[in-house]
Amino acid sequence: MSPQVHPLAHVAAGAKLGEGVRVGPFCTVGPEVSLGEGVVLHSHVNVDGLTEIGARTEIHPFASIGTPPQDLSYKGEPTRLVIGEDCVIRESVTVNRGTPKTGLTQIGDRCFLMAYAHVAHDCRVGNNVIFANAATLGGHAKVGDFVFLGGLCAVHQFTRIGDFAMIGGVTGVKDDVIPFGMAFGANGASGELIGLNVVGMKRRGFGREDVKTVRACYEMLFYGPGTFAERLAEATAAYAAHPAAGRLIAFIEAGEKRPVMMAAPKKTRVAGSGPAAADD
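Residues numbered from 1 in each chain as written. Predicted model: local features only at pLDDT ≥ 70, side-chain atom pairs only at ≥ 80, totals over all residues. Heavy atoms only, no water.

A.B. asks: Explain the overall build of the protein to me, please; I cannot follow it from the model alone.
C.D. replies: In terms of regular secondary structure, the protein is built from four helices and 28 strands. Compactness check: the protein gives a C-alpha radius of gyration of 20 Å against a globular reference of 19 Å for 280 residues, within 12% of the reference. Expressed along its principal axes, the backbone C-alpha trace of the protein runs to roughly 65 × 35 × 35 Å. The buried share among the 280 residues of the protein stands at 51%. Taking the contacts inside the protein whose residues are at least 6 apart along the sequence as the reference set, 31% of them involve residues at least 24 apart. Between the mean site of the 26 positive side-chain charges and the mean site of the 27 negative ones, the protein shows a separation of 4 Å. (Helix = DSSP H or I, 4+ residues; strand = E, 2+ residues; numbered from the N terminus. Rg over C-alpha atoms; globule rule 2.2 N^0.38 Å. Buried < 20%, exposed > 50% of the residue type's maximum accessible area, 1.4 Å probe, protein only. Contact = heavy atoms within 4.5 Å. Lys, Arg positive; Asp, Glu negative; His and termini not counted. Charge placed at Lys NZ, Arg CZ, Asp CG, Glu CD.)

The structure is reproduced here in structure tokens:
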């Protein structure tokens, strides 16, 4: 089916529109934009720059996609934004393309960005990631697969968030969050780990033994005796080969000197955070 462009939309010469694309009224599409098969721009959507949007992605009104990075060092160099397939981008979301430092901002497949979410320049976002309302990534942040970012959370630039992690609402994140970690910071404070995202693990097919082993690794890393370096060495020897628990070890080692978010004292409870890992 040929692309359908509303007469009140502006699609620049040079833009590439796949089969079945629909561009609603008052949308603007720049000359270097590529919209995959079945992409829908509802109305008042701005897509600019060297931007590629994957098949069947749906973008709602007032989103601004592929605009220049909010970086004072940027001088108009050609950089890119790539968004995967089957994503849903809701109202007033902003996604900036990269800077020359990496040249690329990238979002994977099947991501859901709720209203007012922001993805800054040079970020790398995996597949099946959910941004609740106004969740914000600073520049160069890296987010793994199946991550949930709570409403109004703020992730500091260069921070890494591992696969299957969950960030609570109104949480500041300045240190790397391990895979399966559940981070929470009351009233916008810098977050700390309050346990494991066990519910998320079960939903994604991890069995009881996997959960048990990941929890044992978590306990050794954050509550064992000695320094963190000593605990990491012990956990590496015990769990590095395990398919699930080994993700924690590999993530920490890949970060080199990046700080890792630490766990709250075991007796700490935050209102509304639910049970700690030891209670599951």
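Anyway, onward from the coordinates.
A.B. asks: What's the story with the sheet that holds strand β9 (residues 50-53) in this structure? I'm lost.
C.D. replies: Hydrogen bonding along the main chain pairs the strands of a sheet, whether they run parallel or antiparallel. Overall, parallel pairing links the eight strands, which are arranged β3-β6-β9-β12-β15-β18-β21-β24 in an open sheet. Both edges of this open sheet fall to β3 (16-17) and β24 (160-161), since each of them pairs with a single strand only. Note: strand β18 (residues 124-125) against strand β21 (residues 142-143), two bridges, orientation parallel. The residue bridging Arg 124 from the neighbouring strand is Lys 142, located in β21. (Pairing = 2+ DSSP bridges.)

A.B. asks: In this structure, what is going on with the pairing of strand β11 (residues 64-67)? I would like to understand it.
C.D. replies: Bridge count for strand β8 (residues 46-47) against β11 is two bridges, and the pairing is parallel. Each bridged residue has a counterpart across the sheet, and for Asn 46 the counterpart in β11 is Ser 64. Examined bridge by bridge, β11 and strand β14 (residues 94-96) share three bridges and lie parallel to one another. The residue of β14 that forms the bridge with Thr 67 is Asn 96.

A.B. asks: What is the right way to look at the pairing of strand β27 (residues 181-184) in this model?
C.D. replies: Look at any regular strand and the pattern is simple: side chains alternate between the two faces of the sheet. Burial along β27 is two-sided: the face carrying Gly 181 and Ala 183 and the face carrying Met 182 and Phe 184 are both buried. Where strand β25 (residues 166-167) meets β27, two bridges bridge the pair, whose relative direction is parallel. Opposite Ile 167, over in β27, you have Ala 183 as the bridge partner.

A.B. asks: Sorry, what's going on with the environment of Gly 144 here?
C.D. replies: Residue placement: Gly 144 occurs in the loop between β21 and β22 (148-149). Among the residues examined, Gly 144 registers a relative accessible area of 13% and is labelled buried. Sequence separation between Gly 144 and Val 45 is 99 residues; the distance between their C-alpha atoms is 27 Å.

A.B. asks: What is the right way to look at the confidence of the model for the protein in this model?
C.D. replies: Caution is warranted with low-pLDDT regions, since their predicted coordinates should not be read in detail. Here the protein averages 95 in pLDDT, while 95% of its residues score no lower than 70. Low pLDDT, under 50, characterises residues 269-280; the stretch is placed with 16 contacts to residues that sit more than four places away or in other chains. (pLDDT = per-residue confidence, 0-100.)

A.B. asks: Teacher, can you tell me more about helix α4 (residues 245-254) here?
C.D. replies: Among the residues of α4, those classed as buried are Ala 245, Gly 246, Leu 248, Ile 249, Phe 251 and Ile 252. Of the surrounding secondary structure, the elements contacted by the buried residues of α4 are β24, α2 (208-223) and α3 (228-239). Downstream of α4 by a residue or two, Glu 256 has a phi angle that is positive, lying close to 50 degrees.

A.B. asks: I keep staring at the nonpolar core and nothing clicks. Help me out?
C.D. replies: Within soluble globular proteins, side chains that are nonpolar generally end up buried alongside one another. Of all hydrophobic cores here, the largest spans 73 residues; its most connected members are Leu 41, Ile 65, Phe 131, Leu 137 and Leu 149. Listing elements by their share of this core, those giving two or more residues are β12 (80-83), β28 (192-196), α1 (198-203), α2, α3 and α4. For this core, the element with the highest residue contribution is α2, accounting for seven residues. Apart from the residues lying within four places of it in its own chain, the contact partners of Ile 65 are Asn 46, Val 47, Asp 48, Thr 51, Ile 53, Ile 59, Leu 81, Ile 83, Ile 89, Val 93 and Val 95. (Core = buried A, V, L, I, M, F, W, Y, C linked by side-chain atoms within 4.5 Å.)

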